[in-house]
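So you can see what is in the structure, the chains are spelled out below.
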Amino acid sequence: MNRLRVRKLTSSLALGFAGVATLIGLLCLGAILWTLIKNGIAGISIATFTEMTPPPGSAGGLLNAIYGSLLMTGIGLAIGAPVGILAGTYLAEYGRGNTLSTIVRFVNDVLLSAPSIIVGLFVYELLVVRMGHFSATAGAMALAVIAIPVTVRTTEDMLNLIPQGMKDASTALGVNHWRTVLGVVYPAARSGIITGLLLAIARISGETAPLLFTALNNQFWSTNLDAPMANLPVVIFQFALSPYADWQRLAWSGALMITVAILILSIVARSIAAAVKGGRK
Amino acid sequence: MLETAPKVVVSESRLARERSIEKVFRAATFVAAILVLLLLGGVTVTLVRGGWPALAHFKFAFISTEIWNPVTEKFGALAPIYGTLVTSVIAMAIAVPVSFGVAVFLTELAPKWLRRPVGVAIELLAGVPSIIYGIWGLFVLAPILQRHVQPWLIDHLGGTPVIGSLFQGPPFGIGILTAGLVLAIMVLPFVASVMRDVFETVPDVLKESAYGLGATRWEVIWKVVVPYTRAGTIGGIMLGLGRALGETMAVTFVIGNAHRVSASLLAPGTTISASIANEFTEAVGDLYTSSLVALGVLLFLITFVVIAIARLMLMRLNRKALSSV
């Protein structure tokens, strides 16, 4: 009897700890979001979206940084996504089950978790050193390198969801493999692939470390891909660590913007993915 | 009069074209897959080549000395290595038990209506960029620690034997301990959602059998769920460790960037990634730059081993069960 009570007590204590842990975890994360919203909204005005990053001590906005972030994320995705989708197609279609695809899958998973600052160093050595200066191109390349493993992984997972029967039906009509992939598999997996792309955008748009020594930063408006370009993460980094109140306010606003954008992207991606799964049941 | 069925004629040339497109498409996917391998190879070769001058110049002293002096061009990586390891250990010591609690809560304890919203919230937070955690650590957590927590630690633990030296010195707010805490909060949602995915792979039959034998809830978790998912759980923890070791932005804000190995956890320090982030663009001279790249080589080596082990352990699981990694 006594033993049973000890067991029950242990159980309640352990489960109580689990509840408390969840509460602590959620509280910490809630605190972060709350601070972010409170400090971020205070600094947001029309000027945030229409003016350039200011010199210390004067008012300004984040227009050039927003533009740079959008542009480099766009180019990064435009380079990374096709490579990722093709490689994912190889893993799910052509190389299914062979040794090469097992190795590629493993290497891809390692790249997926590799520290992003390493990617920054890689692109620095590869492009910045050769070109002799920092540039938006190098920044976009670094983001592309990070986007590739994300896209490979999601594409493969999504293509694997396509029923074999659909592909067999297409093959039975005498259709070539490539036509089956382009005409049957991709359309059937379209929303899944879009989810993957959205997740890739969410992943690269908040990356700071790989941009620090590739795109660097630029206080002025620049559309030159061959020159350093402002971008939200690096501006947040520099402004937050500065002693100027104006700059710190802008850093918070930029941080809020990025977080909101990423949360929206992830929620949209998630609901598309849920709809895909629901439709397959 | 019967109409004859239209005769479908596929010309030889059309078939030949289809076949060549097939070859091209197949080759394109193959090249893309090889590119993934080349990426890893390229990163390794490029970093080693960039860091080689420093590694060849300092040899073993690079990882065994603490001096980091750009003026005399003496570089030793002991302080960043130490900082990387210690902050990660602090982070995992806090994040693993809490994540375990969260995963248990989500899979075994929470009512059905609560599971989805809390689970989704945790997953979304795992996607928040690390710079957000860094800026919060600097402006919110560090002042709180400096004013309230660290003075208490110094007063109450600073004098105790053995562990006392960990809690001595002035309360800076920023430092190794703060960085470890920020890292813990950052990896928490990540590790928790992997663990949750892993716990959900346990077949209900196993758990129900244990309940049928009269086991308490905790006994079911500790003696059925945990042993059944051991490989996956360790894999998830290792992935979290890989993140903590390589994390840059969350740490750079709060570590203090001091190339020192201090006994005290309250002292400022540095990590490999923080040193690179702070100094790389300002590094003058080839040896300085090369030393920073060599730091990158060390980081890549450490994280590669950790991540590879994690992935090998997670490979045994059904990939589809792991939605969040």
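Structure report, in brief. Bear in mind the structure is a predicted one, so any value in this text is a computation, not a measurement. As a convention, each chain's residues are numbered from 1 in the sequence order in which they are written. Written order determines the labels here, with chains lettered from A and ligands numbered from 1. Only residues with pLDDT of at least 70 get local features here, since the model is predicted, and only at 80 or more are side-chain atom pairs given and counted; chain-wide, interface and lining totals rely on the full set of residues. As a convention, hydrogens and water are excluded, and side-chain values are obtained from all of the structure's heavy atoms.

A look at the overall build of chain A
Helix and strand content of chain A: 12 helices and 0 strands. Buried residues in chain A amount to 53% of all 281 residues. Within chain A, contacts between residues separated by at least 24 positions form 73% of all contacts whose residues are at least 6 apart in sequence. Carbon and sulfur atoms make up 69% of the accessible area of chain A, which amounts to about 11800 Å² in all. For this count, His and the chain ends are skipped, Lys and Arg are scored as positive, and Asp and Glu as negative. For this purpose, a charge sits on NZ of Lys, CZ of Arg, CG of Asp or CD of Glu. Across chain A, the 18 positively charged side chains and the 10 negatively charged ones have centroids separated by 18 Å. Only DSSP runs of H or I covering at least 4 residues are called helices, and only runs of E covering at least 2 are called strands; the numbering of each starts at the N terminus. Relative accessibility thresholds used throughout: buried, under 20% of the residue-type maximum; exposed, over 50%; partly exposed, between the two (1.4 Å probe, protein chains only). Should any heavy atoms of two residues lie within 4.5 Å, those residues are counted as being in contact. Areas reported as accessible are Shrake-Rupley estimates using a 1.4 Å probe. Residue values count occlusion only from the protein chains shown.

Concerning the pattern of salt bridges
We define a salt bridge as a side-chain nitrogen of Lys or Arg found within 4 Å of a carboxyl oxygen belonging to Asp or Glu. Summed over all chains, the structure comprises 14 salt bridges over all chains. For the salt bridge of Arg249 of chain A with Asp246 of chain A, the shortest nitrogen-to-oxygen distance reads 2.9 Å. Note that Arg249 of chain A and Asp246 of chain A are positioned in helix H12 (residues 245-280) at a spacing of 3 residues, about one turn of the helix. Accessibility expressed as a relative area gives 24% for Asp246 of chain A, which makes it partly exposed. The structure contains a network of salt bridges with shared partners spanning Arg270 of chain A together with Glu123, Arg196 and Asp197 of chain B.

Some words on the layout of surface pockets
Method remark: on a 1 Å grid restricted to protein atoms, a set of points is classed as a cavity if a 1.4 Å probe fits but cannot get out and as a pocket if it is open with protein on both sides within 12 Å along at least five of seven lines; lining residues have an atom within 4 Å of a point. Grid points are joined across faces, edges and corners, and a volume is the space filled by probe spheres set on the points. Approximately 230 Å³ is the volume attributed to the second largest pocket. Taken together, Leu212, Leu216, Val234, Phe237, Gln238 and Leu241 of chain A together with Ala277, Asn278, Thr281 and Glu282 of chain B form the lining of the second largest pocket. Where the lining of the second largest pocket is concerned, the elements lending two or more residues are helix H11 (232-240) of chain A together with helix H11 (272-279) of chain B. Take the lining of the second largest pocket: its biggest share by element is 3 residues, from H11 of chain A. When grouped by side-chain class, the residues that make up the lining of the second largest pocket number 6 nonpolar, 3 polar and 1 charged. Gly counts as polar in this scheme, as do all residues outside two lists: the nonpolar Ala, Val, Leu, Ile, Met, Phe, Trp, Tyr, Cys and Pro, and the charged Asp, Glu, Lys and Arg.

Here's the deal with empty space enclosed by the protein
If you walk through the whole model with that rule in mind, you get 4 cavities of 30 Å³ or more. Taken as a whole, the largest cavity spans an internal volume of roughly 130 Å³. Along the walls of the largest cavity sit 15 residues, with Leu111, Ala114, Pro115, Val119 and Val145 of chain A positioned nearest its centre. Counting only elements with at least two residues in the lining of the largest cavity, the list comes to helix H4 (99-113), helix H5 (116-131) and helix H6 (136-160) of chain A together with helix H1 (12-58) of chain B. Within the lining of the largest cavity, the residues separate by chemical class into 13 nonpolar, 1 polar and 1 charged.

Topic: the nonpolar core
Ranked by internal contacts, the top residues of the largest apolar core, which has 177 residues, are Phe213 of chain A together with Phe62 and Tyr133 of chain B. By residue number, the principal contributor to this core is helix H6 (residues 176-199) of chain B, which donates 17 residues. In contact with Tyr133 of chain B, other than residues within four places in its own chain, are Leu29 and Ile32 of chain A together with Leu125, Val128, Val182, Ile185, Met186, Pro189 and Ala250 of chain B. In terms of nonpolar packing, the next biggest core, distinct from the first, is built from 5 residues, Ala81, Leu112, Val150 and Ala200 of chain A among them. Working definition of a nonpolar core: buried Ala, Val, Leu, Ile, Met, Phe, Trp, Tyr and Cys residues. They are joined through side-chain atoms within 4.5 Å.

Notes on the interface of chain A and chain B
Between chain A and chain B, the contact holds 85 residues from the first and 87 residues from the second. Buried surface at the junction of chain A and chain B, summed over both partners, amounts to about 7500 Å²; 79% is from carbon and sulfur atoms. Applying the counting rule to chain A against chain B returns 3 salt bridges. Put simply, Arg7 of chain A and Glu219 of chain B hold a salt bridge, and the shortest N to O gap is 2.6 Å. Accessible area that two parts lose when put together, with a 1.4 Å probe and added across both, is what the buried area reports.

Digging into the environment of Ala294 of chain B
Within the secondary structure, Ala294 of chain B is located in helix H12 (residues 286-315). Each C-alpha atom, one on Ala294 of chain B and one on Phe62 of chain B, is 9.0 Å from the other, the two residues being 232 residues apart in sequence.

A look at the side chain of Thr214 of chain A
Turning to its location among the elements, Thr214 of chain A is positioned in the loop between helix H10 (209-212) and H11. Setting aside its immediate chain neighbours within four residues, Thr214 of chain A contacts Gly120, Val123, Tyr124, Val128, Phe134, Ser135, Ala138, Gly139 and Ala142 of chain A.

Here's the deal with the packing of H4 of chain A against H12 of chain B
Between N-to-C directions, angles span 0 to 180 degrees; the directions come from axes that are lines fitted to C-alpha atoms, helices contributing only their stretch in contact. Between H4 of chain A and H12 of chain B, whose axes approach to 10 Å, the crossing angle comes to 125°. When the interaxial angle is binned, H4 of chain A and H12 of chain B end up oblique. Seen along the crossing, H4 of chain A lies across H12 of chain B with a hand that is right-handed. On H12 of chain B, the residues that touch Phe106, Asp109, Val110, Leu112 and Ser113 of chain A of H4 of chain A are Phe304, Ile307, Ala308, Arg311, Leu312 and Met315 of chain B. Among the residues making up the contact of H4 of chain A with H12 of chain B, the classes are represented as 8 nonpolar, 1 polar and 2 charged. If an angle is under 35 degrees, it is roughly parallel; if it is over 145, roughly antiparallel; if it lies from 65 to 115, roughly perpendicular; otherwise it is oblique. Working rule for handedness: look at the near helix, and if it is turned counterclockwise from the far one by less than a right angle, call the crossing left-handed; if clockwise, right-handed.

Digging into the packing of aromatic side chains
Residues and elements named next belong to chain B. We call Phe, Tyr and Trp rings a pair once their centres come within 6.5 Å, taking the six-membered ring for Trp, and we label the pair stacked below 30 degrees between planes, edge-to-face above 60, and tilted otherwise. Inspection of every chain in the model, using the stated rule, returns 20 aromatic pairs over all chains. Aromatic pair Phe100 and Phe199: ring centres 5.9 Å apart, planes at 85°, arrangement edge-to-face. Separated by 99 residues along the polypeptide, Phe100 in helix H3 (residues 78-109) and Phe199 in helix H6 bring together distant segments of the chain. Owing to a relative accessible area of 14%, Phe100 belongs among the buried residues under this scheme. Judged by its relative accessible area of 2%, Phe199 falls in the buried class. Three or more aromatic residues link up through ring pairs in this structure, and these residues are Phe58, Phe62, Trp68, Phe75 and Tyr288. Its end group placed over the ring of Phe190, Arg243 keeps NZ or CZ at 4.1 Å from the ring centre. Two thresholds decide whether a charge sits over a ring: the Lys NZ or Arg CZ must be within 6 Å of the ring centre and within 35 degrees of the ring normal.

Section: unusual backbone geometry
Residue and element names in this part refer to chain B. A positive phi angle, near 50°, is found at Lys59, a position not held by glycine. The topology assignment puts Lys59 in the loop between H1 and helix H2 (61-64). The backbone of Asn257 shows a phi angle near 45°, a positive value even though the residue is not glycine. As for its placement among the helices and strands, Asn257 is situated in the loop between helix H10 (249-252) and H11.

Focus: H5 of chain A
Compared with an ideal rise of 1.5 Å per residue, which puts 16 residues at 22 Å, H5 of chain A spans 22 Å between its outermost C-alpha atoms and is within 8% of the ideal. A bend of about 40° at Tyr124 of chain A is the largest found in H5 of chain A. Buried residues of H5 of chain A: Ser116, Ile117, Ile118, Val119, Gly120, Leu121, Phe122, Val123, Tyr124, Glu125 and Val128 of chain A, and no others. Where the residues of H5 of chain A are buried, they touch H6 and H10 of chain A together with H1, helix H9 (230-246), H11 and H12 of chain B. Working rule for helices: expected span equals 1.5 Å times residues minus one. By definition, a residue's bend is the angle between the axes fitted to the seven residues ending there and the seven starting there.

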